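Observations on the three-dimensional arrangement
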Amino acid sequence: MTLAIDARGLGKVFGAGALAFRALDAVDFQVTPGELVMLVGPSGSGKTTLLSILGCVLTATEGELRLFGERVSGRPERELPLLRRALIGFVFQGHNLIGALSARDNVRLVLESRGTTAHAARAEADALLAAVGLADKRDRLPAELSGGQRQRVAIARALAGAPPLVLADEPTAALDAHAGLEVTELLTRMCRERGTTVVVVTHDNRIFHLADRIVHIEDGRIVDGRLSGVAA
Amino acid sequence: MTVDVAARLRAARGGRLRRAQATTVVALRMMLHDKAKLIGTTLGVVFAVVLAAQQLGVLFGLLQKNTMFVDNAGADLWIVPPGTTQTAPGQRMSTALLDQARATPGVAVAAPLLMIGTSVTKPGGGSEATTLVGFDLDAGLGGPWNIVAGDVAALRAPDALFFEDAQREKFGGLNLGSVREVGGHKVRVVGFTWGLQPFGPPFAFADIDTVRDLGAVPADQLSFVLIKLAPGADRAAVAADLAARCPTAQVIATPTFHATIVSTLLRQQLGITFGTSTAFGLIIGFIIVALSMFSAVLDNLREYGTLKAIGLTSWDLTRMLIVQSIVYALLGSLIGLGLVALMSAGIRGPNLVVIVPRTLVLATPLIMSALCMLASVLALRRVRRLEPGMVFR
Ligand SMILES: Nc1ncnc2c1ncn2[C@@H]1O[C@H](COP(=O)(O)OP(=O)(O)OP(=O)(O)O)[C@@H](O)[C@H]1O
Ligand SMILES: [Mg+2]
């Protein structure tokens, strides 16, 4: 079986010379298709750095990365946007919606930027917004939505075009405990329904039970990742 | 779930047109969303358009004052003293040139023109400078135009003159039939022109013999010879022929004479003065547009980063800024040209006409688009350098 994520010996050094800082060191990280993995670790341990490399928004200094068998490392930078469009949906810490666009248009933009026709994009955006419970709020601008609602729009956007991989960096950070749990439950449920592979970076032990597996990272190294079913 | 990566890559590679359309809409929405920046940037363009077009309009108006005689004399060719760069009283030539010209094949009409600087004595004392233009009434070349009162035929009467309407007050309340004194002779006003004021003293028109009398000019002298070509005659060939026959004078085609007057004025003070103020307007507008577009990008850096993260390319974002630049340019040009039109209508008078030629109107949106795109380079560099990974920060 082809792994969804197959990273071997990933390393990342920021800066150069005396200021060089090693954020990742020989990271091996594998995820099977459809698996939901949470990446946890202390602040500054390299979670975001690893997620950025997996999301093709940052390039590793060493090591090899394949997504669904497709080699990512070694590709020229200008091909990375294509990989992102083809394979990856993102949920950010902040909602990162485009403030000038309605909820629907934020979702549509992702679809249309992948070549979906306006009509089909509109229909899919509406279906996704209905699935995240925002059918009646689809014409609102992000500023007119609550934090939890915005994050749900962000989930709809991440799932637009049915990407096989969804990456989320602390999706609950800006939300209160209740909303955080609700949003993560929504994300995990929708991804499981679709068979989407998910990696979630989180500090939030109230959502650990939703993971298939929890990977621990410290000082840029994976210290514990083979355990599954760890609950708080 | 098995994932057909090749198919997904193929799909993501296509749809370029949809992506261009979608990002164009987003660019416009982002632009409209931030009203303050929209207004600020547009005002920058408006400022540049108004200042530059207004300055150029005044410049063209001033140039026109100096070329209007050449443009309206009705001649195809001019015989002028060598080195002539304006239609004003100057060195005189011999009337023998008229006979030379009339003997040249292809010349239908050769008419004399006499320009002298003189002054008109006012009833209450004092005098005003004027440029007397004597022309051949039968040939009809070099006579008055823009006539607002009187009939040219009235100039056949001895000592009859056409004056400039705008100077009526200055010449002591001129009316049709008013009598003034020029060079010790009584003259009578028989008509008025409108807006015929060169840089120098205003034109007053009369029959050439009247002007000779008033100015005591010998009968064998003239200022210029105006030539009308026979139908079908080749202007360049006739000009060459005339030049060979009149070695002491210069033969010049009307468009060339026009161009000579313009380039002479531009090389002098006029070009520098108006060039500087036009450039100033463009530069200020450029700076306003550049800074407000840059700050709009800084305000929305996270959004641009997000667009990159979801897979838009640097070129997609570049195109977004180009679209915004062009819309700012078109919007600003439209408003700016509208204001210039209003201002021109307000300023327009016999002494100063603001001329905004059609070419300038058409060129303005193009020039402004180029200017705005250039101004967006600062913003563009920031957007292109943006790391998509910043969205996780
Ligand atoms: N662009 C950068 N330049 C230099 N150092 C960086 C850069 N990005 C991250 N680092 C460093 O790399 C280390 C790992 O950062 P990273 O953001 O991956 O941590 P994290 O595990 O996500 O932390 P947190 O839980 O606080 O978000 C940190 O020490 C950070 O200072
Ligand atoms: Mg982090």
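Residues numbered from 1 in each chain as written. Chains lettered and ligands numbered in written order. Predicted model: local features only at pLDDT ≥ 70, side-chain atom pairs only at ≥ 80, totals over all residues. Heavy atoms only, no water.

Side note on the interface of chain A and chain B
Contacts between the two partners involve 47 residues from chain A, matched on the other side by 32 residues from chain B. Together, the buried faces of chain A and chain B total about 3,500 Å²; carbon and sulfur atoms form 62% of this surface. The interface formed by chain A and chain B contains two salt bridges. Among the ionic pairs, Glu112(A) bridges to Arg18(B), the shortest N-O distance being 2.6 Å. (Contact = heavy atoms within 4.5 Å. Buried area = accessible area lost by both parts, 1.4 Å probe. Salt bridge = Lys/Arg side-chain N within 4 Å of Asp/Glu carboxyl O.)

Looking at the confidence of the model for chain A
On average, residues of chain A score 91 in pLDDT, and 97% of them are at 70 or above. Confidence over residues 226-232 of chain A falls short of pLDDT 50; this stretch has eight contacts with residues more than four positions distant or in other chains. (pLDDT = per-residue confidence, 0-100.)

Structural notes on the domain arrangement of chain B
Frequently, the measure chosen for interface size is the accessible area that the parts lose on association. Residues and elements named next belong to chain B. The assigned domain composition of chain B is domain 1 (2-65 + 269-392) and domain 2 (82-248). On a C-alpha basis, the centres of domain 1 and domain 2 stand 51 Å from each other. Every contact between the two is made by seven residues of domain 1 and, on the other side, seven residues of domain 2. Counting the contacts that link domain 1 with domain 2 gives zero salt bridges. For the side of domain 1 that touches domain 2, the class distribution of residues is three nonpolar, two polar and two charged. (Domains from an automatic or database assignment. Nonpolar A, V, L, I, M, F, W, Y, C, P; charged D, E, K, R; others polar.)

Overview of helix H5 (residues 147-159) of chain A
The end-to-end C-alpha distance of H5(A), which contains 13 residues, comes to 19 Å, matching closely the 18 Å that a straight helix rising 1.5 Å per residue would cover. Buried residues dominate H5(A), accounting for 10 of its 13 residues. Tucked inside the fold, the buried residues of H5(A) contact strand E6 (88-91), helix H3 (103-112), helix H4 (118-131), strand E7 (165-169) and helix H6 (177-194) of chain A together with helix H9 (301-309) of chain B. One or two steps after H5(A), the chain reaches Gly161(A), where phi turns positive at roughly 80°. (Helix = DSSP H or I, 4+ residues; strand = E, 2+ residues; numbered from the N terminus. Expected span 1.5 Å × (residues − 1). Buried < 20%, exposed > 50% of the residue type's maximum accessible area, 1.4 Å probe, protein only.)

Here's the deal with the sheet that holds strand E10 (residues 221-224) of chain A
Residues and elements named next belong to chain A. One open sheet accounts for six strands, arranged E6-E7-E8-E3-E9-E10; its pairing is mixed. With one partner strand each, in any of the chains shown, E6 and E10 form the two edges of the open sheet. Between one strand axis and the next, the sheet turns by 25° as a mean value, whatever way the strands run. This element, helix H1 (residues 47-54), spans strand E3 (36-40), E6, E7, strand E8 (197-201), strand E9 (213-218) and E10 of the sheet and lies at about 155° to E7. Across the sheet, helix H2 (residues 80-87) lies against E6 and E7, angled at about 85° from E6, the strand it touches most. (Pairing = 2+ DSSP bridges. Axes fitted to C-alpha atoms, helices over the stretch in contact; angles between N-to-C directions.)

Regarding the side chain of Lys12(A)
Tracing the backbone shows Lys12(A) in strand E1 (residues 5-14). Comment: no salt bridge for buried Lys12(A); closest opposite-charge side chain is Glu387(B), at 7.6 Å. Once residues lying within four places of it in the same chain are set aside, the contact partners of Lys12(A) are Phe21(A), Arg22(A), Ala23(A), Leu24(A), Thr49(A), Ile53(A), Leu58(A), Thr59(A), Ala60(A), Thr61(A) and Glu62(A). (Lys, Arg positive; Asp, Glu negative; His and termini not counted.)

Examining the packing of aromatic side chains
Residue and element names in this part refer to chain B. Under the definition given, this model contains 13 aromatic pairs over all chains. With centroids separated by 6.2 Å and ring planes inclined at 5°, the aromatic side chains of phenylalanine 69 and phenylalanine 205 adopt a geometry described as stacked. With phenylalanine 69 in helix H3 (residues 35-72) and phenylalanine 205 in strand E9 (residues 203-207), this residue pair connects regions lying 136 residues apart in the sequence. Under the relative-accessibility criterion, phenylalanine 69 is labelled buried at 1%. Judged by relative accessible area, which is 0%, phenylalanine 205 ranks as buried. Ring centres of tryptophan 145 and phenylalanine 205 lie 6.3 Å apart, and the angle between their planes is 75°; this geometry places the pair in the edge-to-face category. Taken together, the positions of tryptophan 145 in the loop between strand E4 (127-135) and strand E5 (147-150) and phenylalanine 205 in strand E9 put the pair 60 residues apart, joining distant regions of the chain. Exposure class is identical for tryptophan 145 and phenylalanine 205. Each is buried. Taken together, the ring pairs in this structure connect Phe69, Trp78, Phe135, Trp145, Phe203, Phe205, Phe224 and Phe257 into an aromatic cluster. Taking NZ or CZ as reference, arginine 168 lies 4.9 Å from the ring centre of phenylalanine 192, over its face. (Phe/Tyr/Trp six-rings, centres within 6.5 Å; stacked < 30°, edge-to-face > 60°. Lys NZ or Arg CZ within 6 Å of the ring centre and 35° of its normal.)

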